[in-house]
Structures are given as C-alpha cells and as structure tokens.
Amino acid sequence: MTVKTVSRTPVPPRPRVTRPRAREGFTGPEAIRVGQVVMDRDKEMVTRVDEVDGRWVELSRPTGLSWRVNWLRLRPASEREHQQLHALGKLHQQQLRGKA
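What comes next is a walk through the structure.

**Comments concerning the pattern of salt bridges**
Thinking step 1. Summed over the entire model, instances satisfying the criterion amount to four salt bridges.
Thinking step 2. In this structure, arginine 68 and glutamate 58 form a salt bridge, with 3.9 Å as the shortest nitrogen-oxygen distance. You can see arginine 68 sitting in strand S4 (residues 66-70) and its partner glutamate 58 sitting in strand S3 (residues 56-60), a full ten residues away along the chain.
Thinking step 3. When the shortest N-O distance is used, the salt bridge between glutamate 81 and arginine 75 registers 2.7 Å. Each member of the pair, glutamate 81 together with arginine 75, is buried.
Thinking step 4. Three or more residues are tied together by salt bridges with common partners; here these are Asp53, Glu58 and Arg68.

Conventions we followed
Residues numbered from 1 in each chain as written. Predicted model: local features only at pLDDT ≥ 70, side-chain atom pairs only at ≥ 80, totals over all residues. Heavy atoms only, no water. Salt bridge = Lys/Arg side-chain N within 4 Å of Asp/Glu carboxyl O. Helix = DSSP H or I, 4+ residues; strand = E, 2+ residues; numbered from the N terminus. Buried < 20%, exposed > 50% of the residue type's maximum accessible area, 1.4 Å probe, protein only.

Okay, here's the thing in structure tokens:
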C-alpha cells in the first residue's frame, strides 16, 4: 500500500477577531431607576423610564409614545442625549400650542 503525500500551499493566518467592548448597559434591572433617561438600542431613541417590571422596562417619550423593552437593550443616556430629549419635549409643547 502506497501513501500519497499531498503538498499544501501555505494558508495565511486568520484575521484577528475583534470582540465586542464591555457592555455599556446596566448591570441588572435593579440598576435602572424610574425617571432616568436611557437610550433604547433597538429603536435608537432616547427615552425616559416610567416603570421597571422584572426584566421589562416601560419607556415613554414626551410626544406620548410608550413601549416596553427588555432591560438588556438599554444603556444610560449621554449628556447630549439628555439635551436631545429635553429639546424634543420643548418642540412638542410648541407644536401643541400652535395647534390650539
């Protein structure tokens, strides 16, 4: 019985795998406070926390839009995002006054 040797061309090294950064979110649902400004990563919207119910968090915007999301999808809002939510609330109030 004869064994054949197959020569292989050199394989380039694999590209380096970049791991995601440490989660910027909260450590658990107990770290989220009612009234806190947070960023919903799914909808990419800055919002305010209305209620924390286990792993679910009720969120709302100044326009009246509200929804529930898993706490893992949230991260604390930056200072700029705080300002963005405040400006959105002011704009919404101005629009309501214009319609009345």
